[in-house]
Structures are given as structure tokens and as C-alpha cells.
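Observations on chain architecture
Residue strings, one per chain:
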Amino acid sequence: MTELLTAAQMRAIEQAAIESGEVTGLELMERAGRGVVEAVFEEWPDLAKAPHRAVVLCGPGNNGGDGFVVARRLRDKGWTVEVLFFGEADKLSPDARKTRDVWAEMGDIRPLTVEEAATGKRPALLIDAMFGTGLSRAIPLELANAHHAVRKRDVGDSHPWLVPFHIAAVDCPSGLDCDSGHFLMPERPTETGDDDRNFERSWAWWQDDASRRLLRTDLTIVFHRKKIGHVLSESCGAIRVVDIGLGAEDLHPAHLKAPRMPDQVIELDFELPKGRSSRIWPGRDLDKRFGLGRHKYDHGHALILSGPPGQTGAARLAARGALRIGAGLVTLGVLSAAQQEVASQITAIMLKQVKDAEALANVLQDDRLNALCLGPGLGVERAREFVPVVCGGVEPRPTVLDADALTAFEGAPETLFHILHNTCVLTPHAGEFARLFPDIAEKLNAPATKGPAYSKVDATREAAARAGCVVLFKGPETVIAAPDGRCSINSAQYDRAAPWLATAGSGDVLAGFITGLLARGIDPMSAAETAAWLHVECALSFGPGLIAEDLPEELPKVFRNLGL
Ligand SMILES: NC(=O)C1=CN([C@@H]2O[C@H](COP(=O)(O)OP(=O)(O)OC[C@H]3O[C@@H](n4cnc5c(N)ncnc54)[C@H](O)[C@@H]3O)[C@@H](O)[C@H]2O)[C@@H](O)CC1
Ligand SMILES: [K+]
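Residues numbered from 1 in each chain as written. Chains lettered and ligands numbered in written order. Predicted model: local features only at pLDDT ≥ 70, side-chain atom pairs only at ≥ 80, totals over all residues. Heavy atoms only, no water.

1. Notes on the overall build of the chain
Cut-off, in case you're wondering: Numbered from the N terminus, helices here are DSSP runs of H or I no shorter than four residues, and strands are runs of E no shorter than two. We take the radius of gyration over the C-alpha atoms and set the globule estimate at 2.2 Å times the residue count to the 0.38 power. Two residues qualify as a contact provided that any one of their heavy atoms is within 4.5 Å of a heavy atom in the partner residue. Note on areas: Shrake-Rupley with a 1.4 Å probe; residue coverage comes only from the protein chains shown. The positive count covers Lys and Arg only, the negative count covers Asp and Glu only, and His and the chain ends enter neither. A charged residue contributes its charge at one atom only: NZ of Lys, CZ of Arg, CG of Asp or CD of Glu.
Regarding its fold elements, the chain presents 22 helices and 18 strands. Scaling as 2.2 N^0.38, a compact globule of 564 residues should have a C-alpha radius of gyration of about 24 Å, and the chain matches this with 27 Å. Along the three orthogonal principal directions, the C-alpha set of the chain runs to about 85 × 65 × 50 Å. Across the chain, contacts joining residues at least 24 apart in sequence account for 74% of those joining residues at least 6 apart. Here the chain displays about 23800 Å² of accessible surface, and carbon together with sulfur accounts for 51% of that area. Taken together, the 61 basic and 76 acidic charged side chains of the chain have centroids lying 4 Å from each other.

2. Some details on the pattern of salt bridges
Heads up, the rule is: Salt bridges are defined as contacts in which a side-chain nitrogen from Lys or Arg sits within 4 Å of a carboxyl oxygen from Asp or Glu. Note on classification: 1.4 Å probe, protein chains only; a residue is buried when its accessible area is under 20% of the maximum for its type, exposed when over 50%, partly exposed between these limits.
Inspection of the entire model under this criterion finds 32 salt bridges. Across the salt bridge formed by E38 and R34, the nearest N and O atoms sit 4.0 Å from each other. In this pair, E38 and R34 both sit in helix α2 (residues 25-43), four residues apart, roughly one turn of the helix. Classification of E38 by relative accessible area gives partly exposed; the value is 44%. Here R34 falls in the partly exposed class, since its relative accessible area comes to 37%. E88 is the partner of K91 in a salt bridge, and the nearest nitrogen-oxygen pair spans 3.4 Å. Judged by its relative accessible area of 63%, K91 is exposed. Given the relative accessible area of 47%, E88 is considered partly exposed. Several salt bridges share partner residues, and in doing so they unite R53, E82, R110, E116 and R153 into one network.

3. Some points on the sheet that holds strand β3 (residues 80-85)
Under the convention used in this document: In short, DSSP must find at least two bridges between two strands for them to pair.
An order of β4-β3-β2-β5-β6-β7-β8 is seen for the seven strands of this open sheet, with the pairing classed as parallel. With one partner strand each, in any of the chains shown, β4 (110-111) and β8 (238-242) form the two edges of the open sheet. Of the strand pairs in this sheet, strand β6 (residues 166-170) and strand β7 (residues 219-223) are connected by three bridges, and their pairing is parallel. The residue of β7 that forms the bridge with V170 is I221.

4. Description of the pairing of β3
Operational definition: When the strands point away from the viewer and the path from the first strand over the helix to the second turns clockwise, the crossover is right-handed.
When you tally the buried positions in β3, you get five out of six residues, the bulk of the element. Direction of pairing for strand β2 (residues 53-58) relative to β3: parallel, over a ladder of six bridges. Directly across from V56, in β3, lies its bridge partner V83. Of the crossover connections in this fold, the one passing from β2 over helix α4 (residues 62-76) to the parallel β3 is right-handed. Pairing of β3 with β4 involves two bridges; the strand directions are parallel. Residue pairing in the sheet places L84 in a bridge with R110 of β4.

5. Considerations on the site of ligand 1
As a reminder of what qualifies: One heavy atom suffices: a residue is near a molecule or strand as soon as one of its heavy atoms comes within 4 Å of it. Whenever two N or O atoms come within 3.5 Å, that pair is a polar contact, provided that in protein one can donate a hydrogen and the other can accept it, and provided that, for residues adjacent in sequence, both atoms are side-chain atoms. The classification used treats Ala, Val, Leu, Ile, Met, Phe, Trp, Tyr, Cys and Pro as nonpolar, Asp, Glu, Lys and Arg as charged, and all other residues, Gly among them, as polar.
If you check the shell around ligand 1, you find 23 residues, and the closest are N63, D66, G132, A138 and D171. Backbone polar atom of T133 to an oxygen atom of ligand 1: 2.9 Å apart, as the coordinates give it. Here D171 contributes a side-chain N or O atom positioned 2.6 Å from an oxygen atom of ligand 1. Going through the elements one at a time, α1 (7-19), α2 and α4 are the ones with two or more residues in the shell around ligand 1. Classifying every residue of the shell around ligand 1 by side-chain character gives 12 nonpolar, seven polar and four charged.

6. Some points on the domain arrangement of the chain
Accessible area lost on assembly of the parts is the figure often given for the size of an interface. Quick note on the threshold: Each domain's limits were defined by an automated method or a database of domain assignments. Two parts lose some accessible area (1.4 Å probe) when they are put together, and adding that loss for both gives the buried area.
Looking at the chain, the domain boundaries give domain 1 (2-183 + 217-254) and domain 2 (283-442 + 452-561). Each of domain 1 and domain 2 has a C-alpha centre, and these two points are 42 Å apart. Summed over both partners, the interface of domain 1 with domain 2 comes to about 990 Å²; 63% of that surface belongs to carbon and sulfur atoms. The tally of links from domain 1 across to domain 2 stands at zero salt bridges. Applying the counting rule to domain 1 against domain 2 returns seven residue pairs in polar contact (both at pLDDT 80 or more). The greatest single-element share of the side of domain 1 that touches domain 2, amounting to four residues, is contributed by helix α9 (residues 228-232). Looking at the side of domain 1 that touches domain 2 residue by residue, the class counts come to six nonpolar, six polar and three charged.

This is the structure we're talking about:
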């Protein structure tokens, strides 16, 4: 597990380190620049073998200051280095001014314009050191165009694809808001005073203009810790985190030891930072639970409700997931008309007829049923009828609400929030999220023009606070939040990319995984985190060709590899 930072937290940590006298800002900048060069050589060993040409684009802040260090270090290794600079030397911070001045004694500094960027042979390496964590609005179009112009430079008679060319971004691709992962967009033109045709034209211009600011990168070299935006974005290429010696973590309150502070955001990667013992990894709970209890009822009994005939597959997938992840017993609640269909396809899973709300209330008399799942293939009518039954009562059980159980409350989400209790887990994908939290989705989807922009972390936290329970907001990066502000991100991007996980029924299995862990007595936040992480692990372990049925079947292998 690693803690992700906001840009402000990163600045506070840096500031605290400098004020403690441990390190100077200039030393940090030197380490950052050196780290970039080392990371580039590790990523592309061929570049380390002989000197090549590099173009370094330096911006007006400390990100640009890092760029000057990179330029110097590459030159020291015999590289041909062109430095293009946007800004005024007199306005640089003292540290960036220093690195700029040292470079100025060994090489030229040309203005960062499209014309200059287009001039010369295409380099083997483009370093984007224009903006880092200090970006506050969309990058100037001229700079984005200059970045494109370097890529388009002449490669002589060869086909451009055959000539090595890599882009490395210093701290983040310029234009990315490190808190949200959004690329900051220019302000939209206003309609005032324009006739419709003019507006259409300026709107088209805006979109084109905005889209040109998305800068491609192959590698992003991040300092100290990933920022939330790195994980929420899909645009960093590969990510390498460089240690710049800010290891003393308790310099900042955000780094205080577990229990987690509500404002922390955790990445579920389970790589323990060097030199520290296991702090929090949700699997710890799982480990403990596997060692306990001898009777199947000690491992919990999950009830998963299914829907009409012909639509029972989703609930069966969830049931299989719940059983494989370790629930002692799993029962499917079926309509009598669907009983035959379900019975012919299951073995270890039990069946119970649940015709209507009254029948459900009767089934729930059995207090050994300790975790419930409603939604996959349930049908919205049945969901509307059942959700109040499962959520009501004196001691409502931990309950996962997914798919139809969420859609059923479109247009009246307040009704749902009113009956939810704090051991519920909602698992919406983007569409379901927008149905339950339309205003939050609108804020999230609006083009971001200023940093720090509203992020999926903000949206999920706000949703969890409003619903009063854990919300797991699905996507390539799944964000999980509790009403008290605890938050984590489970990424299926970068080195954990598993695009084949986007397959029919995969969400149903996830709902089943969470339900199974709830049945084992794991708290809702940990159950959601562990399930989400294992879900991606199963997909990675299986590989391409995966279908939803394979996910539960892959669990035993994943568990073995975890040493469980
Ligand atoms: N925080 C740390 O611990 C360290 C930070 N370092 C570097 O410093 C960077 C942060 O430096 P800064 O805070 O100076 O921020 P940046 O270098 O990201 O840029 C901020 C500057 O750009 C201007 N600016 C912001 N958005 C603009 C826009 N759209 N158009 C034109 N100008 C714009 C700001 O007014 C400010 O002058 C990090 O990303 C990293 O590269 C490293 O030197 C090492 C240590
Ligand atoms: K950058």
C-alpha cells in the first residue's frame, strides 16, 4: 500500500524537510534531475550505451529548474542537448535560477516557441519539464504546439517509426493536474453577443484547441510519492517513482501512522515501502480470517438474490465469487419460475425460493445469514421491493447493492439514502453513479480549467458521505470511499493494466467477492478494498481471453501466490 499525495501535501513535505535543515531546495532539485536521468536509462537501456541528442523543454517554475539539471547531466555524459525555455530568468525561483545559470555556462538557451522547437534533427529523447505540481490552469497552446513540433522533426531518409524517440515527463506530463488526473482545459468561449453560427465556430475551435493540449508521454518520473492525479489519469505512460531523500515521513501530519487519517488516499498496490513492516494491507484481515473457525457457519452465510428466468446468470456469478473468496455457505434467493434454470447450473451453492418481500422477510429470520447481495440480474422492480426489506430492521446485515439495486432508485436517490445503513456497500459504475449522484457526476465530468480540479476521489468521498456508507466507484481506476473520508484507489492501469477485465459479468463477480468477505466478518471498507484488489489480481493472473466465469476460478491460484 502506498499513500498518494496531493500537490499541496507534497509542497508541505518539501517545505518541512527544508525548514528542518536536513536538505536544501537546491539539493532536492539536483536529486530530482539526477533521478530523471537514471530513470530514463533504466527504462531505455539503449540510451545509456552511447550519447544521443535530447531536447529539454523547461518551464517557468521549479519543474523547469529540474529540466536544467537534466540537461547538464546529459551533457556531462556527452549528449547533444538543446534547451528551450519558457519564462524569464529573473522571475525564476532562486533554486531554478541557479540550475539555469549553471547550464547557461555550458550550453545555449533558446526561447520555447514552435519555430525553435521545429528546428533541428529529431532527438532520441524529449524531456518535458514545462510544468509540474504548480500548474494552475491550461498550459499555453504555444507550448503544447512546441511539444508536438519536436515530435514532428525531421528524421532524414528513415521512416520515423524506425528511429528511436522517447518522451519522458518530469514529475507529470505538463498540463496534468496532479490532484485530479484531469488535463486542464482552456476556459470555454462564452455565448454572449455571438450569433449561433459564431458560437458553433468558436465551440469547434475550443474543442480542437483544448484537445491539442493533451501531451503524450512514454514515461513519467515522479518525485518521492505518486500524486493522486498520476493514478487517476491514464496518461503518464509508465511511472517511475524516484526517491529524492524525503524519507522521514512523519515530517508531515499526512504521514502519521495508522489508523489512517481521513484525508489520506491510499493506493492498493500492496508494495510495502522499503524498510517498513506491513502497515495496513487489507489482505491481513483475510489472512487472519482464513485461520479462524472450523465450521462452515464460522465463515459466514451469504444470501444473493436473483431475478427472473433467463436473467439469473449475474447472480450465479456473484454467488460463485462469494463462495470462492471464502464465505462458508452461499444461498441464492430465486423465483420459483427460475428455480429449475438455476438448480441445473449450481452445485455447492444452495437455493431458496424468494417470491416477494414477505418471503424475503421470512428468509431473513435466519440470523446465520450475515451478508447480502442485491442487484446483479435482480430486475429493477424486484430491487425496489427488496431493498427496503434488507436495509430495514433493528440490526440490518452488511449488504452489497449493485446494478439493478442502484438503478431502481434513479430519480429518487434520496429514498435510497434514507434507508441505507453504515454496513452497506454501493458499487456503481459511471452510469449508475450518475443516476444516483447526478450533481456530483456533473461536477466530475465538467471540463477542468483550474487546479486543483474536482477529482474522482472528491466525487466518491462526497457520494459516500451523502449515502452514509461505503461507495466503490468502478472504472479502470476504482475509487473506494467511506463516509468518514477514508479513501483508496485500486488501479487497473500502468503495470496493473488489465483491459480484458472489462467483460460482461465481471462486475457481478466483484459484488460477490465483496459479499463473501462481508460474510467472513470483514468490515465494509476493507471488504471493498480487498475484493477490488483481488478482482484485478485474478484478471492479471488469468490474462487475456478472460471471461467473468474465470475470475472466481482464478482465486485459489492468487491466494496461493499470496501465501494464504
Ligand atoms: N516539491 C518538491 O519536493 C520538489 C519539487 N520539484 C519540482 O518542482 C515542481 C513544482 O514547482 P513549482 O511549484 O515551481 O511549479 P511548476 O514548475 O509546476 O510551475 C509553476 C509556475 O508556472 C506558472 N504557471 C502555472 N500554470 C501556468 C500556466 N497554465 N501557464 C503559464 N504559467 C503557469 C506558475 O505561476 C509558476 O510560476 C515539481 O513538479 C517538481 O518538478 C523538484 O525540484 C524537487 C523537489
Ligand atoms: K512536466
